[in-house]
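# A structural walkthrough
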Amino acid sequence: MAHIDECTLQCVYAVERETKYELLKQKIHQYEIENFNEISQREEFLNFDVEKLQYLLELDNLKITCEEDAYNAITRWCNHNVSARREHLPRLIACLRLTQFDVDFLLSHIQSLPGCELLALQSSMWIRDHAARAKINIRFTEARVACIGAGNCSETTMLAVYYNDNLGSLCIMQYNKAEDKWEEYASIEYRTKYSFRTILKEDNILFIGGCGENYDSFNTVISWSIRNKTWRELPAMNQARDSHCVVEFDGKIYAIGGQNDGNTLQSVERYTTSNGWEFVKPLITARYGVCAVTLNGKIYVYKLYYFLNNKFFSEKESFTFRGICKHKLKRQKKIYLTFAKSYSRRQAQLYMDTVPNGSRCII
């Protein structure tokens, strides 16, 4: 069923209730699954009975961006008639994938709902204490299928990208927070084998530069859709480079330093969809094997050399730009870890400790 407006949707529901035509009922049901976020904002949604809403929320293939969308739908439905619908909150909230929320959300939003205190506490314990999970009875512990790879969400989906020498291809692993383990999400073909860099841009992973079997540097930039698992070629960099670093700042992507056929680079270039790649102010000193982070209007570039007495020795440079980026990056033992603002440094360290061997980058 194609996208339909508010007036047409109300007519369709009215015809289905009057005729009880089974095929039309099935078509409406499928439309509700595929367009739940849209449906939940319509007036007709407020007339759903609790059984119908519960059935939809239980579905693993319900098309939502993240669990917070389902929570918001429940809230809107309940607020339409609080006195009559408040008693249904526990059965509806129990249909959410509560372990996909962070603990702060559970305690601030779920625990305060009438009859949902135990659900919030059990889910919080499930997330915090892995050893206790076998003793906790939670109906749903895994993310919905439709949420995998979705963007624009307050939750964080962690993906590890690495080259599998045995398969001769790139592998993408996804971290299952509920089960505390990494699972294969996709195996993809990519000609650049070494020293490429990746960055997350909306629902796409951008593979930037790198080198091949003969260690010849590439300037290619290819976008891989997490949602559709398809490739799309983007404008190439002006300078072929590997062992560089990439960072997003103020909506623009920067490729910094690196090597070109063994020569260390000082150049920096910036990508925008309107102008493609263009050179900007170079590094003070040529760098390769660097990593970068943005903070308080600056891009910081770090070169991490070695361990000595269990301490890092490093150098850094900074560039002043406008704006603030909300992502940070930490490097250790050739593993790059990017974590969103919803994760603390301590939590991120715990995740890093469990990444698959050989991982090059975590997004």
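As the structure is a computational prediction, the values presented were derived from the model and not from experiment.

## Observations concerning the confidence of the model for the protein chain
With 77% of its residues at a pLDDT of at least 70, the protein chain reaches an overall mean of 77. Long-range and interchain partners of residues 148-154, a stretch whose pLDDT sits below 50, account for 17 contacts in this model, where long-range means more than four residues apart. Throughout residues 305-363 the model reports pLDDT below 50, and contacts reaching past four residues in sequence, or to other chains, amount to 155 contacts.

## As for the pairing of strand β1 (residues 159-164)
Among the six residues in β1, six count as buried, and that is most of the element. Burial along β1 is two-sided: Leu159, Val161 and Tyr163 facing one way and Ala160, Tyr162 and Asn164 facing the other are all buried. Sheet topology note: the β1/strand β2 (residues 169-176) ladder contains six bridges and is antiparallel. Within the sheet, the bridge partner assigned to Leu159 lies in β2 and is Gln174.

## Section: helix α8 (residues 103-110)
Those residues of α8 that sit buried are Val103, Phe105, Leu106 and Ile110. Considered in projection along α8, the buried side chains sweep an arc of 160 degrees and stay on one side of the axis. Tucked into the core, α8 has its buried residues touching α5 (67-79), α7 (89-93) and α9 (117-128). Regarding α8, its N-cap is Asp102, as a side-chain oxygen of that residue lies 3.3 Å from the backbone nitrogen of Asp104 further along.

## A look at the packing of aromatic side chains
Tallying each qualifying case throughout the model produces nine aromatic pairs. For the ring pair Tyr271 and Trp277, a centre distance of 5.2 Å and an interplane angle of 40 degrees mean the geometry is tilted. No difference in accessibility class separates Tyr271 from Trp277, as the two residues are buried. Here the aromatic residues Phe36, Phe45 and Phe48 are joined through ring pairs into a cluster of three or more. A cation sits over an aromatic face here: Lys52 above Phe48, 4.3 Å from the ring centre. The lysine or arginine in question, Arg85, covers the ring of Trp77, its NZ or CZ lying 4.2 Å from the ring centre.

Parameters at a glance
- Residues numbered from 1 in each chain as written.
- Predicted model: local features only at pLDDT ≥ 70, side-chain atom pairs only at ≥ 80, totals over all residues.
- Heavy atoms only, no water.
- pLDDT = per-residue confidence, 0-100.
- Contact = heavy atoms within 4.5 Å.
- Buried < 20%, exposed > 50% of the residue type's maximum accessible area, 1.4 Å probe, protein only.
- Helix = DSSP H or I, 4+ residues; strand = E, 2+ residues; numbered from the N terminus.
- Pairing = 2+ DSSP bridges.
- Arc of directions from axis to C-beta.
- Polar contact = N/O pair within 3.5 Å; in protein donor to acceptor, adjacent residues only side chain to side chain.
- Phe/Tyr/Trp six-rings, centres within 6.5 Å; stacked < 30°, edge-to-face > 60°.
- Lys NZ or Arg CZ within 6 Å of the ring centre and 35° of its normal.

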